[in-house]
Amino acid sequence: MQIRSAEFVTSLAEYREQPPISLPQLAVVGKSNVGKSSLINALCNRKKLCKTSSTPGKTRLINVFLINEAFHLVDLPGYGFAKVDKAEKKRWGEMMDAYFHNSSYLFHALLLVDIRHEPTQDDVAMAQFFRQVGVPFTVVATKADKISRGARMKHIAPICRAMLVQPWEIIPFSSEDGSGRDALLGHIGELLELLREEARTSGEEEHSMQ
Ligand code: GTP
Ligand code: MG
């Protein structure tokens, strides 16, 4: 898949399904500072579509981007940021809860973990939550430029064990050197194709019931 256009749509503190929320959503989820906003910029080939920062806790709202006028990429605030106070953590929890429970347009999530570190309890809990509520997800191992290609498998193995996924299901990615970009775009293209097929089949079923 090629990204031909990418534009900012809206920022939401409280998720509501009213216009402009009207298209299938691919959410980008993960710990604070793992590289969610950078991944969106790298995918879209845009330096400043999303604001990024070396200080964790940069993204505080649900930011929605329109891609190829066909689907929405959703940049979410990161979890597990130790320095935020209790009230902010509570606000984050409520915002995410409301998002994941009300997002009928969400068709897939990219769950980002740093390739250098073992997933945290929060990462594991996030994967469990997705399985529980039936949101399919793909684990993306970010900052792949920080380790050599030869050392990748050594880092991927503990991620697989913690997240209960197979090594070939994980996409190593770097926003710095672009590695994994084509693989991730290809994967997103396939997911969208599946979605279109599902829509066609359910449309045909509805048609045949009439
Ligand atoms: P929050 O919005 O706080 O949840 O963080 P985020 O997950 O959106 O992270 P962000 O994209 O803002 O990146 C955090 C820091 O990691 C920035 O300093 C980025 O430059 C850096 N970073 C992100 N991706 C990569 C990568 O692939 N390689 C390297 N070397 N650094 C990266
Ligand atoms: Mg961010």
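Residues numbered from 1 in each chain as written. Chains lettered and ligands numbered in written order. Predicted model: local features only at pLDDT ≥ 70, side-chain atom pairs only at ≥ 80, totals over all residues. Heavy atoms only, no water.

What follows deals with the packing of aromatic side chains. Counted according to the given criterion, the structure contains eight aromatic pairs. Taking the centre distance of 4.8 Å and the plane angle of 85° together, the rings of Tyr15 and Tyr99 count as edge-to-face. Here Tyr15, found in the loop between β1 (6–12) and β2 (25–30), pairs with Tyr99, found in helix α2 (residues 86–102); they are 84 residues apart in sequence, far enough to count as distant. Residues Tyr15 and Tyr99 agree in their burial class; the two are buried. With a centroid separation of 5.6 Å and an interplanar angle of 35°, the aromatic rings of Phe130 and Phe137 are classed as tilted. Both residues of the pair, Phe130 and Phe137, count as buried. (Phe/Tyr/Trp six-rings, centres within 6.5 Å; stacked < 30°, edge-to-face > 60°. Helix = DSSP H or I, 4+ residues; strand = E, 2+ residues; numbered from the N terminus. Buried < 20%, exposed > 50% of the residue type's maximum accessible area, 1.4 Å probe, protein only.)

Our next topic: the site of ligand 1. The immediate surroundings of ligand 1 are formed by 22 residues, with Lys36, Ser38, Gly57, Thr59 and Asp145 found nearest. Side-chain polar atom of Ser37 to an oxygen atom of ligand 1: 2.9 Å apart, as the coordinates give it. One of the backbone nitrogen or oxygen atoms of Ser175 is found 2.8 Å away from an oxygen atom of ligand 1. In terms of residue class, the shell around ligand 1 is made up of two nonpolar, 13 polar and seven charged. (Near = heavy atom within 4 Å. Polar contact = N/O pair within 3.5 Å; in protein donor to acceptor, adjacent residues only side chain to side chain. Nonpolar A, V, L, I, M, F, W, Y, C, P; charged D, E, K, R; others polar.)

Glancing now at helix α4 (residues 152–163). Across its twelve residues, α4 extends 16 Å between first and last C-alpha, which sits within 8% of the 16 Å expected from 1.5 Å per residue. Turning to α4, its buried residues are Arg152, His155, Ile156, Pro158, Ile159, Cys160 and Met163. Summarising the contacts, the buried residues of α4 are in contact with β5 (106–114), α3 (121–133), β6 (137–142) and β7 (171–172). Just downstream of α4, Leu164 is the residue with a positive phi angle, here 55°. (Expected span 1.5 Å × (residues − 1). Contact = heavy atoms within 4.5 Å.)

The subject of this paragraph is the sheet that holds β2. One key point about sheets: their strands pair by backbone hydrogen bonds, in either a parallel or an antiparallel sense. Judged by pairing direction, the sheet is mixed, and its seven strands sit side by side in the order β1-β3-β4-β2-β5-β6-β7 without closing on themselves. In the strand order of this sheet, the two ends are held by β1 and β7, each with one partner. Set on the sheet, helix α1 (residues 36–44) makes contact with β1, β2, β3 (62–67), β4 (71–75), β5 and β6; between it and β4 the angle comes to about 150°. (Pairing = 2+ DSSP bridges. Axes fitted to C-alpha atoms, helices over the stretch in contact; angles between N-to-C directions.)

This paragraph deals with the side chain of Ser32. Looking at where Ser32 falls in the secondary structure, it is placed in the loop between β2 and α1. Residue Ser32 is classed as buried on the basis of its relative accessible area of 10%. Not counting residues up to four positions away in its chain, the partners in contact with Ser32 are Pro56, Gly57, Gly78, Tyr79 and Phe81.

With six of six residues buried, β6 is to be regarded as a mostly interior element. Alternating residues of β6 divide into Phe137, Val139 and Ala141 and Thr138, Val140 and Thr142, and every residue in both groups is buried. Here β6 pairs with β7 via two bridges, running parallel. Note on β7: the bridge partner recorded for Ala141 is Pro172. The β-α-β motif built from β6, the intervening α4 and the parallel element β7 has right-handed crossover chirality. (Right-handed = clockwise from strand over helix to strand, strands pointing away.)

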